[in-house]
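Per-entry structural report
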Amino acid sequence: MKGAILSPVRPVFAGVAVAVLGLGVGLAQAAEVEGRLGFSERTALSTPVAGVIETLSVRPGERVEAGTLLVELDETPFRYRQQMVSAEIPGLKRAAAEADLDAERVQALYDRTSASDSEREVALIERDRARGERDRAQAEFGLRDWEREQASLEAPFDARILAVHAAPGEVVSPRLSPPVLIEIARADRLLATAVVDADQLGDIELGDELTVVRDGERASGVVEAIRAEHDERGDVSYRVSVGLATDGLGWRAGQRIAIDFPDH
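How each quantity is defined
Residues numbered from 1 in each chain as written. Predicted model: local features only at pLDDT ≥ 70, side-chain atom pairs only at ≥ 80, totals over all residues. Heavy atoms only, no water. Pairing = 2+ DSSP bridges. Helix = DSSP H or I, 4+ residues; strand = E, 2+ residues; numbered from the N terminus. Salt bridge = Lys/Arg side-chain N within 4 Å of Asp/Glu carboxyl O. Buried < 20%, exposed > 50% of the residue type's maximum accessible area, 1.4 Å probe, protein only. pLDDT = per-residue confidence, 0-100. Contact = heavy atoms within 4.5 Å.

1. Things to note about the pairing of strand E7 (residues 69-73)
Looking at chain direction, strand E5 (residues 51-56) and E7 are connected through 3 bridges and run antiparallel. Bridge assignment links Leu56 to a residue of E7, and that residue is Val71. Pairing between E7 and strand E8 (residues 152-154): 3 bridges, direction antiparallel. From the neighbouring strand, Glu72 faces E8, where its bridge partner is Ser152.

Okay, structure coming up:
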């Protein structure tokens with residue numbers, strides 16, 4: 001992926017309620033914990049280089065494929081800076097080659113005791129200086145080429161555009177802190193999140209499969225996060241996030257769901 005600075009944005013969920021179902025003879029047979037759907041891999045995107053936005057290709061709510069062009073900066077200054085460096089390289093290469101030949105000639109004279117130590121040292125210094133100037137220009141050309149590539153911001157994965165904070169003609173200047181240009185999240189996945197206590201969590205670990213239920217429709221997902229939380233009294237609860245593929249389900253972030261936790 002090019003031209004992107006990614007910053008994870010933590011989803012915010014409303015409070016949840018707990019319901020215990022299937023009670024029999026005073027014993028809980030299964031626990032279904034209510035929660036909400038949230039975005040998966042919500043990410044803020046920007047460019048690592050400064051410039052003027054020339055093209056803005058997406059709107060909030062759109063679904064895009066990985067590699068889709070989102071924002072493009074005016075490439076004019078990047079192209080000219082690269083051309084300036086490119087123009088210097090041939091002359092610097094010739095100068096370095098000539099300095100190499102001079103150093104070889106002086107070394108040959110020195111070996112025959114026809115050149116002094118100082119003459120040899122001056123030739124070697126000039127050779128190293130010429131090589132350094134050549135290598136510096138070549139490295140700068142590579143840097144300018146990289147900057148030119150970073151002027152285009154592409155979707156890192158199949159994504160849903162959540163927000164756009166940019167407009168054509170706007171100046172992007174990430175020197176102090178990268179501005180958020182576009183917020184995205186995965187288009188094919190959601191996170192189902194619920195809060196449980198230690199007893200409900202039981203021996204569930206990352207990677208375990210749990211079932212998510214919405215309006216009678218069921219889908220299997222994998223536990224991606226278990227975050228311990230403390231309230232003002234010091235009581236501990238656990239925020240469990242289950243990632244699930246949602247293609248074909250029609251589910252959306254913010255909807256209420258329930259997660260089936262096995263009895264313990």
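2. Thoughts on the pattern of salt bridges
Side-chain pairs of opposite charge can arise where the charged atoms are in close proximity. For the structure shown, the criterion picks out 24 salt bridges. Of the charged contacts, one joins Glu41 and Arg186 as a salt bridge, the two residues approaching to 3.7 Å between their closest N and O atoms. With Glu41 in the loop between strand E3 (27-39) and strand E4 (43-46) and Arg186 in strand E11 (residues 182-186), this residue pair connects regions lying 145 residues apart in the sequence. What makes Glu41 partly exposed here is its relative accessible area of 44%. The salt bridge involving Arg144 is made with Glu147; its shortest N-O contact spans 2.9 Å. Of this pair, Arg144 and Glu147 are both found in helix H2 (residues 117-150), 3 residues apart, which corresponds to roughly one turn of the helix. Arg144 sits in the buried class, given a relative accessible area of 18%. By sharing partners, the salt bridges in this structure join Glu88, Glu133, Arg136, Glu140, Arg144 and Glu147 into a single network.

3. Digging into the sheet that holds E8
The strand order across the open sheet built from 4 strands is E8-E7-E5-E10, with neighbouring strands paired in antiparallel fashion. The strands lining the two open edges of the sheet, one partner per strand, are E8 and strand E10 (171-172). Where E5 meets E10, 2 bridges bridge the pair, whose relative direction is antiparallel. Looking across to E10, one finds that Val52 is bridged to Val171.

4. Side note on the confidence of the model for the protein chain
Averaged over all residues, the pLDDT of the protein chain is 87; the fraction at 70 or higher stands at 88%. Here strand E2 (residues 18-24) is the element of the protein chain with the lowest mean pLDDT, 37, and H2 is the one with the highest, 96. Confidence over residues 9-28 falls short of pLDDT 50; this stretch has 32 contacts with residues more than four positions distant or in other chains.

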